[in-house]
Amino acid sequence: MAEIRKTLPGAAYHSTETYAVDKERVFYRNWIYVGREERVARPGAWLRAEIADESVLVVRGKDERLRAFYNVCRHRGSRICDDEQGEVRTHLRCPYHAWGYALDGTLVTTPMIEKDEIDRESTSLWPVHVEVWEGFVFVNLSRETPVPLLESLAEHPDDPLALARVGLAQLRTGHVSTIDVRANWKIVIENYNECLHCPTVHPELVSVLPAYKKGSIFEDGRDDGGVTLADGRTTVALDPRLRLPLLPGLKGDEGPQSYYGALVYPTMFLDVDGSSALATAVFPTGPQSCRLVTEYLFSPEAFDDPAFDPKPVVEFNELVTRQDNEACERVQRGVTSRAFEHGVFPAKDSWVHLFDQRYLRDVEDHPGIERQDS
Ligand code: FES
Ligand SMILES: [Fe+2]
């Protein structure tokens, strides 16, 4: 019998030590997906993202440029923005002593403080790297200059860059849903990377994507990574008769539609079918919890129809996500057992293994998280 590969050790999924390593080595070094650019379209619009205990603001400047900053006041460290997103006219104002920062991060107002007491030039909000791909905003908390976003995306085995062909940049957000999961972020990502659980956990999904009945993430006879939607559907939803406009890049392609999924390491899922694209950001909220934010994107044409309703797509994805989350929470409870030294990877778990290898590259040489493979 071939030697079986081992999963990460149990502590990697629950210990505060590993969480501290994940923060430094994974979340504060890689490009992290935070939200659609559409949410910060106008000058003065801002979006807050919580990335593993760091709060970041993405702000559209008067010059239309997108910038990102730590959500931390330079006076005595107060958080500046509490809401998820918002819009200001001229500056962001700290709620503690009302210091104001222009949209480019410069300190501009310090009420009741002598004008030249503080060197404003050197007291701007601390910047964070930000880049946009196809309307998706990513930030990078690295202190050094990171590799450009595109270069980093090109390294992904799921080839997310190829999905741009459907016209991702043009899509508009029809709905955003947020859900908290009591599971370590890696359990959620690992679950996304396999379909061995599909026949047991997702009876509805396997009827929409019959290839998944066999427990593989691939369809026999296809080498483009796609799986075919059942019964002439154009989108992943329960009702085969649901018809939404095809994504811009697929227009004129009335044949059977496919579903493609891609993990953008470390924490973005991109799920694309004939008529919708779902972008999910997994934000860790602690060693044993995370928050999933899913944006449901559709062709601009869909919004021209006053009767357009994203609900069937949202409801179906929420059903599948609930099923996944229950499974992940069960895993979380299991891996914290003192008995769980590590699990094993059969061949159909090869993409989970691939994710673990990628993760280990980030945390390698850190004591306590060791490669389990020989
Ligand atoms: S901490 Fe922000 S103004 Fe004082
Ligand atoms: Fe699943």
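Since this is a predicted model, take the numbers as computed values, not measurements.

With respect to the coordination of the iron ion (ligand 2)
Working step 1: Donor atoms from the polypeptide that bind the iron ion (ligand 2) are His197 (NE2), His202 (NE2) and Asp324 (OD), placed at 1.9 to 2.1 Å.
Working step 2: Positions of the donor residues of the iron ion (ligand 2), expressed as sequence spacing, correspond to H-x4-H-x121-D. With His197 in the loop between helix H3 (185-192) and helix H4 (198-201) and Asp324 in helix H6 (residues 311-335), this residue pair connects regions lying 127 residues apart in the sequence. Note on accessibility: His197 and Asp324 belong to one class, buried.

Here's the deal with the pattern of salt bridges
Working step 1: Summed over all chains, the structure comprises 17 salt bridges.
Working step 2: Between Glu50 and Arg79 there is a salt bridge, with the nearest N and O atoms lying 3.6 Å from each other. Of this pair, Glu50 sits in strand E3 (residues 45-51) while Arg79 is found in the loop between strand E5 (66-70) and strand E6 (85-87), placing the two residues 29 residues apart along the sequence.
Working step 3: Residue classification places Arg79 among the partly exposed residues on the basis of a relative accessible area of 38%.
Working step 4: Measuring nitrogen to oxygen at the nearest pair gives 2.8 Å for the salt bridge that ties Asp224 to Arg222.
Working step 5: Asp224 sits in the partly exposed class, given a relative accessible area of 38%.
Working step 6: Residue Arg222 is classed as partly exposed on the basis of its relative accessible area of 23%.
Working step 7: If you follow the salt bridges from partner to partner, you end up with Arg48, Glu50 and Arg79 in one network.

Quick look at the pairing of strand E11 (residues 136-140)
Working step 1: Of all five residues in E11, five are buried; the element is thus mostly enclosed.
Working step 2: Residues Phe136, Phe138 and Asn140 line one face of E11 and the alternating positions Val137 and Val139 line the opposite face, and both faces are buried.
Working step 3: Pairing geometry for strand E10 (residues 127-133) and E11, over five bridges, is antiparallel. Counterpart to Glu131 in the pairing with E11 is Phe138.
Working step 4: From the end of E10 to the start of E11, which pair antiparallel, there are two residues, and Glu134 there has a positive phi angle of about 50 degrees.

Regarding the sheet that holds strand E2 (residues 32-36)
Strand pairs in the sheet, formed through backbone hydrogen bonds, run parallel or antiparallel to each other.
Working step 1: Strand order in this open sheet of seven strands is E2-E11-E10-E5-E4-E3-E6, and the pairing throughout is antiparallel. The sheet is open, and its two borders are formed by E2 and E6, each paired with just one other strand. Within the sheet, the average angular offset between the axes of one strand and its neighbour, ignoring direction, is 30 degrees.
Working step 2: For strand E4 (residues 54-60) and E5, the ladder comprises five bridges, and the chain directions are antiparallel. The residue of E5 that forms the bridge with Val56 is Tyr70.

Thoughts on the state of the cysteines
Working step 1: Counted by the stated rule, this structure contains one disulfide.
Working step 2: Paired by a disulfide, Cys195 and Cys198 hold their sulfur atoms 2.0 Å apart. Taking the torsion about the sulfur-sulfur bond, which here is approximately -95 degrees, the covalent link between Cys195 and Cys198 counts as left-handed.
Working step 3: With a relative accessible area of 2%, Cys195 lands in the buried category.
Working step 4: Not engaged in a disulfide, the cysteine Cys290 finds its nearest cysteine sulfur in Cys328; these two sulfurs lie 7.7 Å apart.

A word on H3
Working step 1: Of all the eight residues making up H3, eight are buried; the element is thus mostly covered by neighbouring parts of the structure.
Working step 2: For H3, the set of buried residues is Trp185, Lys186, Ile187, Val188, Ile189, Glu190, Asn191 and Tyr192.
Working step 3: For H3, the N-terminal cap is Asn184; the gap from its side-chain oxygen to the backbone nitrogen of Lys186 is 2.8 Å.

Some thoughts on the side chain of Lys186
Working step 1: Structurally, Lys186 can be placed in helix H3.
Working step 2: What makes Lys186 buried here is its relative accessible area of 0%.
Working step 3: Here Lys186 is in contact with Leu8, Ala12, Tyr13, Thr18, Asp22, Phe355 and Tyr359, once residues within four sequence places are set aside.

What about unusual backbone geometry?
Working step 1: A cis amide bond links Tyr265 with the next residue in sequence, Pro266, at an omega value of 5 degrees.
Working step 2: The phi angle at Asp53 is positive, at roughly 75 degrees, despite the residue not being glycine.
Working step 3: Among the structural elements, Asp53 can be located in the loop between E3 and E4.
Working step 4: Given the relative accessible area of 43%, Asp53 is considered partly exposed.
Working step 5: One non-glycine residue with positive phi stands out, namely Asp159, at about 50 degrees.
Working step 6: Along the chain, Asp159 turns up in the loop between helix H2 (149-154) and strand E12 (172-181).
Working step 7: Judged by its relative accessible area of 41%, Asp159 is partly exposed.

Procedures and definitions
Positions within a chain are numbered from 1, following the residues in the order the chain's sequence is written. Both sets of labels track the order of writing: A upward for chains, 1 upward for ligands. Local features are withheld for residues below a pLDDT of 70 in this predicted model, meaning they are given only at 70 or higher, and side-chain atom pairs are given and counted only at 80 or more; totals for whole chains, interfaces and linings count all residues. Computation of side-chain values covers all heavy atoms of the structure but excludes hydrogens and water. Donor atoms are limited to N, O and S found within 2.8 Å of the metal ion, a distance that becomes 3.2 Å for Na, K and Ca. With water left out, some sites might look partial. Here a helix means four or more residues in a row that DSSP labels H or I, a strand means two or more in a row labelled E, and each is numbered from the N terminus. For the exposure calls, accessible area comes from a 1.4 Å probe over protein chains only, and a residue counts as buried if that area is under 20% of its type's maximum, exposed if over 50%, partly exposed in between. By salt bridge we mean one thing: a side-chain nitrogen of Lys or Arg within 4 Å of a carboxyl oxygen of Asp or Glu. Here the rule is simple: two strands pair whenever DSSP picks up at least two bridges between them. Interaxial angle, 0 to 180 degrees, is taken between N-to-C directions of lines fitted to C-alpha atoms, where a helix line uses only the stretch in contact. For this text, the term disulfide refers to a pair of cysteine sulfurs within 2.5 Å. As used in this structure description, the phrase polar contact means that two N or O atoms lie within 3.5 Å; if the pair is within protein, one of them must be able to donate a hydrogen and the other to accept it, and residues adjacent in sequence are counted only when both atoms belong to side chains. Contacts: residue pairs with any heavy atoms within 4.5 Å of one another.

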